[in-house]
Amino acid sequence: MLTKAKKPHLPLGDHQTAPWYGKDILSVKQFNRADLEYIFGVAHEMRIMVERIGTFDLLKGKILANIFYEPSTRTASSFMAAMERLGGAVIPISEVKYSSVAKGESLPDTVRTLGCYADVIVLRHPEVGSAALAAQYAGKPVINAGDGVGEHPTQALLDTFTIREELGRLDNLTVTMLGDLKYGRTVHSLARLLTQFNGIRLNCVSPKILRMPRDVLDEVAEKGIPQKEHTLLDKVLPETDVLYVTRVQRERFEDAAVYEKVKNAFIITPDVMKAAKKEMIVMHPLPRITEISMDFDNDPRAAYFRQMEYGLYVRMALLAMVLGKA
Ligand code: NCD
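Residues numbered from 1 in each chain as written. Predicted model: local features only at pLDDT ≥ 70, side-chain atom pairs only at ≥ 80, totals over all residues. Heavy atoms only, no water.

### Side note on the overall build of the protein chain
Here is step 1: Of regular secondary structure, the protein chain possesses 9 helices and 9 strands.
Here is step 2: The C-alpha radius of gyration of the protein chain comes to 19 Å, within 12% of the 20 Å expected for a compact globule of 326 residues.
Here is step 3: Overall size of the protein chain, expressed as C-alpha extent along the three principal axes, is 55 × 45 × 40 Å.
Here is step 4: For the protein chain, the residues scored as buried account for 56% of the 326 residues in total.
Here is step 5: Counted over contacts in the protein chain with a minimum sequence separation of 6, partners at least 24 positions apart contribute 73%.
Here is step 6: Just so you have it, the protein chain exposes about 14,200 Å², and 53% of that area is on carbon and sulfur atoms.
Here is step 7: When the 42 positive and 40 negative side-chain charges of the protein chain are each reduced to one mean point, those points stand 1 Å apart. (Helix = DSSP H or I, 4+ residues; strand = E, 2+ residues; numbered from the N terminus. Rg over C-alpha atoms; globule rule 2.2 N^0.38 Å. Buried < 20%, exposed > 50% of the residue type's maximum accessible area, 1.4 Å probe, protein only. Contact = heavy atoms within 4.5 Å. Areas by Shrake-Rupley, 256 points an atom, 1.4 Å probe, with all protein chains shown as cover. Lys, Arg positive; Asp, Glu negative; His and termini not counted. Charge placed at Lys NZ, Arg CZ, Asp CG, Glu CD.)

### Some thoughts on the sheet that holds strand β6 (residues 200-205)
Here is step 1: What the 5 strands build is an open sheet, ordered β7-β6-β5-β8-β9; its pairing is parallel. At either margin of the open sheet sits one strand with a lone partner, and together these are β7 (227-230) and β9 (281-283). Each strand of the sheet is rotated relative to its neighbour by a mean of 20 degrees, with strand direction disregarded.
Here is step 2: Bridging between strand β5 (residues 173-178) and β6 involves 6 bridges; their strand directions are parallel. Its bridge partner being in β6, V175 is matched across the sheet by L202.
Here is step 3: Here helix α7 (residues 214-222) sits on the sheet in contact with β6 and β7, set at roughly 150 degrees to β7. (Pairing = 2+ DSSP bridges. Axes fitted to C-alpha atoms, helices over the stretch in contact; angles between N-to-C directions.)

### Structural notes on the site of the ligand
Here is step 1: The environment of the ligand is formed by T75, R124, H152, Q155, R185, T186, R247, Q249, P285, L286 and P287.
Here is step 2: Taking R247, its side chain carries an N or O atom lying 2.8 Å from an oxygen atom of the ligand.
Here is step 3: Separating a nitrogen atom of the ligand from a backbone N or O atom of L286 is a distance of 3.0 Å.
Here is step 4: When grouped by side-chain class, the residues that make up the shell around the ligand number 3 nonpolar, 5 polar and 3 charged. (Near = heavy atom within 4 Å. Polar contact = N/O pair within 3.5 Å; in protein donor to acceptor, adjacent residues only side chain to side chain. Nonpolar A, V, L, I, M, F, W, Y, C, P; charged D, E, K, R; others polar.)

### A few points about the sheet that holds strand β3 (residues 120-125)
Here is step 1: As summarised here, the arrangement of the 4 strands in space is β2-β1-β3-β4, forming an open sheet in which the pairing is parallel. What marks the edges here is a single partner per strand, and that holds for β2 (89-93) and β4 (142-147). If you compare each strand with its neighbour and ignore which way they point, the axes differ by 15 degrees on average.
Here is step 2: For strand β1 (residues 63-68) and β2, the ladder comprises 5 bridges, and the chain directions are parallel. Pairing of N66 across the sheet is with P92, part of β2.

### Things to note about the pattern of salt bridges
Here is step 1: Under the defined criterion, the tally for this structure stands at 21 salt bridges.
Here is step 2: Residue R192 pairs with E151 through a salt bridge whose shortest N-O separation is 3.6 Å. One end of the pair, R192, is in helix α6 (residues 185-194); the other, E151, is in the loop between β4 and α5 (153-167), with 41 residues separating them in the sequence.
Here is step 3: In this structure E151 comes out as buried when scored by relative accessible area, which is 7%.
Here is step 4: Notably, a salt bridge pairs K274 with D271, separated by 3.0 Å at the nearest N-O pair. We note that K274, like D271, is exposed. (Salt bridge = Lys/Arg side-chain N within 4 Å of Asp/Glu carboxyl O.)

### Regarding the pairing of β1
Here is step 1: Burial analysis of β1 places 5 of its 6 residues in the buried class, the great majority of the element.
Here is step 2: Crossover β1 to β2 through helix α2 (residues 74-85) is right-handed.
Here is step 3: Where β1 meets β3, 5 bridges bridge the pair, whose relative direction is parallel. By the bridge assignment for β3, N66 is matched with V122. (Right-handed = clockwise from strand over helix to strand, strands pointing away.)

Structure below.
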(Lines give C-alpha, C1' and ligand atoms only; values in the text may rest on other atoms or scores of the structure.)
Protein backbone atom coordinates (compact mmCIF):
# COMPACT_ATOMS: atom_id res chain seq x y z
CA MET A 1 0.00 0.00 0.00
CA LEU A 2 2.65 2.51 -1.00
CA THR A 3 1.08 5.93 -1.18
CA LYS A 4 1.88 8.41 -3.91
CA ALA A 5 4.84 10.64 -3.09
CA LYS A 6 4.14 14.31 -2.44
CA LYS A 7 6.77 16.71 -3.54
CA PRO A 8 5.42 20.25 -3.60
CA HIS A 9 7.41 23.03 -2.00
CA LEU A 10 10.42 20.85 -1.22
CA PRO A 11 13.71 22.03 -2.61
CA LEU A 12 15.07 20.39 -5.71
CA GLY A 13 18.12 18.24 -5.34
CA ASP A 14 19.60 14.76 -5.53
CA HIS A 15 17.76 13.73 -2.38
CA GLN A 16 14.54 13.49 -4.40
CA THR A 17 15.71 10.06 -5.49
CA ALA A 18 15.67 8.83 -1.87
CA PRO A 19 13.17 5.91 -1.75
CA TRP A 20 10.91 7.34 0.97
CA TYR A 21 11.04 10.95 -0.13
CA GLY A 22 7.58 12.55 0.06
CA LYS A 23 5.81 9.33 1.15
CA ASP A 24 3.11 9.06 3.81
CA ILE A 25 3.60 6.54 6.61
CA LEU A 26 0.11 5.31 7.45
CA SER A 27 0.27 1.58 8.15
CA VAL A 28 2.84 -1.13 8.77
CA LYS A 29 1.41 -2.85 5.70
CA GLN A 30 3.58 -0.47 3.65
CA PHE A 31 6.81 -2.13 4.74
CA ASN A 32 8.54 -5.26 3.53
CA ARG A 33 11.57 -6.88 5.12
CA ALA A 34 14.05 -4.90 3.01
CA ASP A 35 12.35 -1.62 4.01
CA LEU A 36 12.62 -2.61 7.65
CA GLU A 37 16.32 -3.40 7.37
CA TYR A 38 16.80 0.00 5.72
CA ILE A 39 14.91 1.84 8.49
CA PHE A 40 16.79 -0.04 11.22
CA GLY A 41 20.07 0.79 9.52
CA VAL A 42 19.24 4.50 9.43
CA ALA A 43 17.93 4.38 13.03
CA HIS A 44 21.15 2.73 14.13
CA GLU A 45 23.16 5.52 12.50
CA MET A 46 20.96 8.08 14.22
CA ARG A 47 21.72 6.40 17.53
CA ILE A 48 25.44 6.63 16.92
CA MET A 49 25.16 10.30 15.90
CA VAL A 50 23.07 11.24 18.94
CA GLU A 51 25.46 9.40 21.25
CA ARG A 52 28.46 11.14 19.63
CA ILE A 53 27.25 14.67 18.98
CA GLY A 54 23.68 14.99 20.24
CA THR A 55 22.25 17.38 17.66
CA PHE A 56 23.18 17.87 14.00
CA ASP A 57 21.87 19.74 10.99
CA LEU A 58 20.49 17.08 8.64
CA LEU A 59 17.02 18.67 8.58
CA LYS A 60 18.02 22.27 9.12
CA GLY A 61 15.34 24.57 7.76
CA LYS A 62 12.63 21.88 7.72
CA ILE A 63 9.44 22.21 9.74
CA LEU A 64 7.33 19.50 11.35
CA ALA A 65 3.65 20.07 12.25
CA ASN A 66 3.01 17.80 15.23
CA ILE A 67 -0.79 17.53 15.53
CA PHE A 68 -2.18 15.56 18.47
CA TYR A 69 -5.93 15.25 18.96
CA GLU A 70 -5.40 12.61 21.67
CA PRO A 71 -3.14 12.67 24.75
CA SER A 72 0.49 11.70 24.28
CA THR A 73 3.74 12.04 26.19
CA ARG A 74 6.23 9.82 24.37
CA THR A 75 5.05 9.93 20.77
CA ALA A 76 4.56 13.70 20.68
CA SER A 77 7.73 14.60 22.52
CA SER A 78 9.92 12.04 20.75
CA PHE A 79 8.84 13.39 17.35
CA MET A 80 9.62 16.90 18.59
CA ALA A 81 12.97 15.84 19.99
CA ALA A 82 13.71 13.91 16.78
CA MET A 83 13.08 16.98 14.62
CA GLU A 84 15.11 19.25 16.88
CA ARG A 85 18.01 16.81 17.13
CA LEU A 86 18.12 16.89 13.34
CA GLY A 87 18.26 20.68 13.38
CA GLY A 88 14.65 21.23 12.24
CA ALA A 89 11.78 23.13 13.85
CA VAL A 90 8.37 22.07 15.15
CA ILE A 91 4.86 23.56 15.15
CA PRO A 92 3.31 21.76 18.13
CA ILE A 93 -0.49 21.51 18.05
CA SER A 94 -1.35 19.32 20.98
CA GLU A 95 -3.94 21.45 22.67
CA VAL A 96 -6.37 21.28 19.76
CA LYS A 97 -8.82 23.20 21.93
CA TYR A 98 -6.66 26.26 21.33
CA SER A 99 -6.58 25.71 17.55
CA SER A 100 -9.35 26.23 15.00
CA VAL A 101 -10.42 22.61 15.59
CA ALA A 102 -12.30 24.06 18.59
CA LYS A 103 -14.18 26.30 16.14
CA GLY A 104 -15.33 23.24 14.22
CA GLU A 105 -12.66 23.10 11.53
CA SER A 106 -12.54 19.73 9.75
CA LEU A 107 -9.48 17.47 9.74
CA PRO A 108 -8.96 17.94 5.97
CA ASP A 109 -8.91 21.72 6.36
CA THR A 110 -6.62 21.58 9.38
CA VAL A 111 -4.02 19.43 7.63
CA ARG A 112 -4.35 21.40 4.39
CA THR A 113 -3.48 24.47 6.44
CA LEU A 114 -0.53 22.94 8.27
CA GLY A 115 0.72 21.50 4.99
CA CYS A 116 1.18 25.08 3.77
CA TYR A 117 3.52 25.90 6.65
CA ALA A 118 5.32 22.65 7.36
CA ASP A 119 7.29 20.07 5.35
CA VAL A 120 5.90 17.02 7.16
CA ILE A 121 2.86 16.34 9.36
CA VAL A 122 2.65 13.92 12.30
CA LEU A 123 -0.96 13.20 13.28
CA ARG A 124 -2.64 11.43 16.20
CA HIS A 125 -6.41 11.30 16.05
CA PRO A 126 -9.14 9.22 17.77
CA GLU A 127 -10.72 7.88 14.57
CA VAL A 128 -9.59 4.84 12.62
CA GLY A 129 -8.58 5.93 9.12
CA SER A 130 -7.97 9.56 10.12
CA ALA A 131 -4.33 9.53 9.02
CA ALA A 132 -5.27 8.12 5.62
CA LEU A 133 -7.94 10.80 5.29
CA ALA A 134 -5.47 13.52 6.28
CA ALA A 135 -2.97 12.19 3.75
CA GLN A 136 -5.48 12.71 0.95
CA TYR A 137 -5.73 16.41 1.75
CA ALA A 138 -2.33 17.41 3.08
CA GLY A 139 0.14 18.59 0.47
CA LYS A 140 2.96 17.16 2.57
CA PRO A 141 3.78 13.68 3.87
CA VAL A 142 1.63 12.52 6.80
CA ILE A 143 2.98 10.18 9.46
CA ASN A 144 0.33 8.27 11.44
CA ALA A 145 1.06 8.60 15.17
CA GLY A 146 -2.01 6.54 16.14
CA ASP A 147 -5.48 6.53 14.54
CA GLY A 148 -7.90 5.48 17.28
CA VAL A 149 -7.90 1.71 17.76
CA GLY A 150 -6.46 1.31 14.25
CA GLU A 151 -2.70 1.41 13.85
CA HIS A 152 0.40 2.96 15.36
CA PRO A 153 3.03 2.15 12.73
CA THR A 154 5.93 4.19 14.12
CA GLN A 155 5.48 2.44 17.48
CA ALA A 156 5.65 -0.98 15.78
CA LEU A 157 8.82 0.11 13.98
CA LEU A 158 10.42 1.20 17.23
CA ASP A 159 9.20 -1.99 18.90
CA THR A 160 10.86 -4.19 16.29
CA PHE A 161 14.01 -2.02 16.38
CA THR A 162 14.03 -2.52 20.16
CA ILE A 163 13.82 -6.31 19.79
CA ARG A 164 16.65 -6.26 17.25
CA GLU A 165 18.92 -4.08 19.39
CA GLU A 166 18.13 -5.97 22.61
CA LEU A 167 18.04 -9.60 21.45
CA GLY A 168 20.19 -9.26 18.35
CA ARG A 169 17.62 -10.87 16.06
CA LEU A 170 14.08 -10.66 14.76
CA ASP A 171 13.73 -14.24 13.55
CA ASN A 172 12.89 -17.36 15.56
CA LEU A 173 11.16 -15.64 18.45
CA THR A 174 8.17 -16.45 20.60
CA VAL A 175 6.32 -13.19 21.15
CA THR A 176 3.57 -13.02 23.76
CA MET A 177 1.21 -10.04 23.66
CA LEU A 178 -0.61 -9.45 26.93
CA GLY A 179 -3.49 -7.27 28.11
CA ASP A 180 -5.87 -5.21 26.02
CA LEU A 181 -5.39 -6.65 22.55
CA LYS A 182 -8.77 -5.37 21.37
CA TYR A 183 -8.28 -1.65 21.79
CA GLY A 184 -4.48 -1.49 21.92
CA ARG A 185 -3.44 -0.18 18.51
CA THR A 186 0.24 -0.85 19.15
CA VAL A 187 -0.30 -4.61 19.15
CA HIS A 188 -2.41 -4.43 15.99
CA SER A 189 0.53 -2.86 14.18
CA LEU A 190 3.18 -5.01 15.85
CA ALA A 191 1.40 -8.32 15.12
CA ARG A 192 1.15 -7.35 11.46
CA LEU A 193 4.76 -6.22 11.26
CA LEU A 194 6.06 -9.41 12.87
CA THR A 195 4.74 -11.38 9.89
CA GLN A 196 7.76 -10.06 7.97
CA PHE A 197 10.14 -12.20 10.02
CA ASN A 198 10.89 -15.91 9.98
CA GLY A 199 10.12 -18.40 12.70
CA ILE A 200 7.84 -16.09 14.73
CA ARG A 201 5.35 -17.73 17.09
CA LEU A 202 2.68 -15.44 18.48
CA ASN A 203 0.73 -15.85 21.72
CA CYS A 204 -2.20 -13.54 22.38
CA VAL A 205 -3.09 -13.47 26.08
CA SER A 206 -6.07 -11.36 27.13
CA PRO A 207 -9.39 -11.44 28.95
CA LYS A 208 -12.06 -12.89 26.61
CA ILE A 209 -13.64 -9.48 26.00
CA LEU A 210 -10.29 -7.92 25.01
CA ARG A 211 -9.20 -10.45 22.38
CA MET A 212 -7.12 -9.49 19.38
CA PRO A 213 -9.48 -8.39 16.56
CA ARG A 214 -10.42 -11.09 14.04
CA ASP A 215 -9.00 -9.19 11.07
CA VAL A 216 -5.56 -8.95 12.69
CA LEU A 217 -5.60 -12.66 13.63
CA ASP A 218 -6.63 -13.55 10.09
CA GLU A 219 -3.90 -11.44 8.51
CA VAL A 220 -1.29 -13.03 10.75
CA ALA A 221 -2.64 -16.53 10.01
CA GLU A 222 -2.57 -15.86 6.25
CA LYS A 223 1.16 -15.22 6.49
CA GLY A 224 1.59 -18.64 8.09
CA ILE A 225 2.57 -17.44 11.57
CA PRO A 226 1.56 -19.96 14.25
CA GLN A 227 -0.55 -18.17 16.86
CA LYS A 228 -2.52 -19.15 19.92
CA GLU A 229 -5.01 -17.29 22.07
CA HIS A 230 -5.03 -17.71 25.83
CA THR A 231 -6.74 -16.18 28.86
CA LEU A 232 -3.88 -17.07 31.24
CA LEU A 233 -0.19 -16.21 31.01
CA ASP A 234 1.29 -19.15 32.98
CA LYS A 235 1.43 -21.70 30.15
CA VAL A 236 3.20 -19.48 27.65
CA LEU A 237 5.46 -17.36 29.85
CA PRO A 238 8.31 -19.94 30.11
CA GLU A 239 8.71 -20.16 26.30
CA THR A 240 8.42 -16.38 25.71
CA ASP A 241 11.33 -14.34 24.25
CA VAL A 242 9.42 -11.05 24.08
CA LEU A 243 6.61 -10.31 26.53
CA TYR A 244 4.75 -7.27 25.15
CA VAL A 245 2.52 -5.87 27.89
CA THR A 246 -0.24 -3.35 27.14
CA ARG A 247 -2.39 -0.98 29.17
CA VAL A 248 -6.13 -1.65 29.36
CA GLN A 249 -7.33 1.30 27.25
CA ARG A 250 -9.84 2.89 29.63
CA GLU A 251 -10.77 5.69 27.21
CA ARG A 252 -12.07 3.19 24.62
CA PHE A 253 -14.63 1.51 26.95
CA GLU A 254 -18.28 2.48 26.67
CA ASP A 255 -19.12 1.01 30.08
CA ALA A 256 -16.87 2.03 32.99
CA ALA A 257 -18.01 -1.01 35.01
CA VAL A 258 -16.63 -3.34 32.34
CA TYR A 259 -13.28 -1.52 32.47
CA GLU A 260 -13.19 -1.93 36.26
CA LYS A 261 -13.65 -5.69 35.87
CA VAL A 262 -10.72 -6.21 33.52
CA LYS A 263 -8.31 -3.40 34.41
CA ASN A 264 -6.20 -5.57 36.71
CA ALA A 265 -6.53 -8.80 34.75
CA PHE A 266 -2.72 -9.18 34.52
CA ILE A 267 0.02 -7.75 36.70
CA ILE A 268 3.66 -8.48 35.97
CA THR A 269 5.68 -8.74 39.19
CA PRO A 270 9.16 -10.08 40.00
CA ASP A 271 7.42 -13.16 41.35
CA VAL A 272 5.45 -13.80 38.15
CA MET A 273 8.66 -13.32 36.15
CA LYS A 274 10.45 -16.14 38.01
CA ALA A 275 8.81 -18.49 35.50
CA ALA A 276 10.28 -16.64 32.50
CA LYS A 277 13.62 -17.18 30.73
CA LYS A 278 16.70 -15.28 31.88
CA GLU A 279 17.40 -14.14 28.32
CA MET A 280 14.17 -12.46 27.27
CA ILE A 281 12.72 -8.97 27.36
CA VAL A 282 9.59 -7.33 28.71
CA MET A 283 8.31 -4.46 26.58
CA HIS A 284 5.47 -1.97 26.99
CA PRO A 285 4.57 1.00 24.76
CA LEU A 286 3.83 2.96 27.94
CA PRO A 287 2.12 4.60 29.75
CA ARG A 288 1.75 1.74 32.24
CA ILE A 289 -0.85 1.90 34.93
CA THR A 290 -0.84 -1.20 37.13
CA GLU A 291 0.01 -3.92 34.62
CA ILE A 292 3.74 -3.96 35.41
CA SER A 293 4.73 -3.53 39.03
CA MET A 294 7.43 -0.89 39.62
CA ASP A 295 9.31 -3.56 41.59
CA PHE A 296 10.19 -5.15 38.27
CA ASP A 297 11.76 -2.00 36.76
CA ASN A 298 15.32 -2.79 37.82
CA ASP A 299 15.29 -6.29 36.36
CA PRO A 300 17.63 -6.43 33.32
CA ARG A 301 14.80 -7.97 31.30
CA ALA A 302 12.68 -4.82 31.77
CA ALA A 303 13.28 -3.16 28.39
CA TYR A 304 10.40 -0.64 28.39
CA PHE A 305 12.44 2.42 29.31
CA ARG A 306 15.16 1.58 26.79
CA GLN A 307 12.35 1.05 24.27
CA MET A 308 11.38 4.74 24.61
CA GLU A 309 14.89 5.79 23.74
CA TYR A 310 14.98 3.57 20.63
CA GLY A 311 11.81 5.43 19.61
CA LEU A 312 13.77 8.65 19.25
CA TYR A 313 16.21 7.08 16.78
CA VAL A 314 13.47 5.43 14.73
CA ARG A 315 11.50 8.68 14.49
CA MET A 316 14.64 10.57 13.49
CA ALA A 317 15.15 7.98 10.75
CA LEU A 318 11.57 8.28 9.51
CA LEU A 319 11.66 12.08 9.39
CA ALA A 320 14.97 12.05 7.52
CA MET A 321 13.59 9.46 5.08
CA VAL A 322 10.35 11.21 4.15
CA LEU A 323 12.23 14.50 3.83
CA GLY A 324 14.63 12.94 1.36
CA LYS A 325 17.73 12.98 3.57
CA ALA A 326 18.16 9.25 4.08
C1 NCD B 1 0.37 3.89 23.17
C2 NCD B 1 -0.70 4.56 22.32
O3 NCD B 1 -0.89 5.76 22.36
O4 NCD B 1 -1.32 3.80 21.59
N5 NCD B 1 1.28 4.80 23.71
C6 NCD B 1 2.34 5.23 22.96
O7 NCD B 1 2.19 5.74 21.87
N8 NCD B 1 3.55 5.02 23.47
C9 NCD B 1 -0.17 2.94 24.14
C10 NCD B 1 -1.18 3.37 25.15
O11 NCD B 1 -1.65 4.51 25.16
O12 NCD B 1 -1.51 2.53 25.98
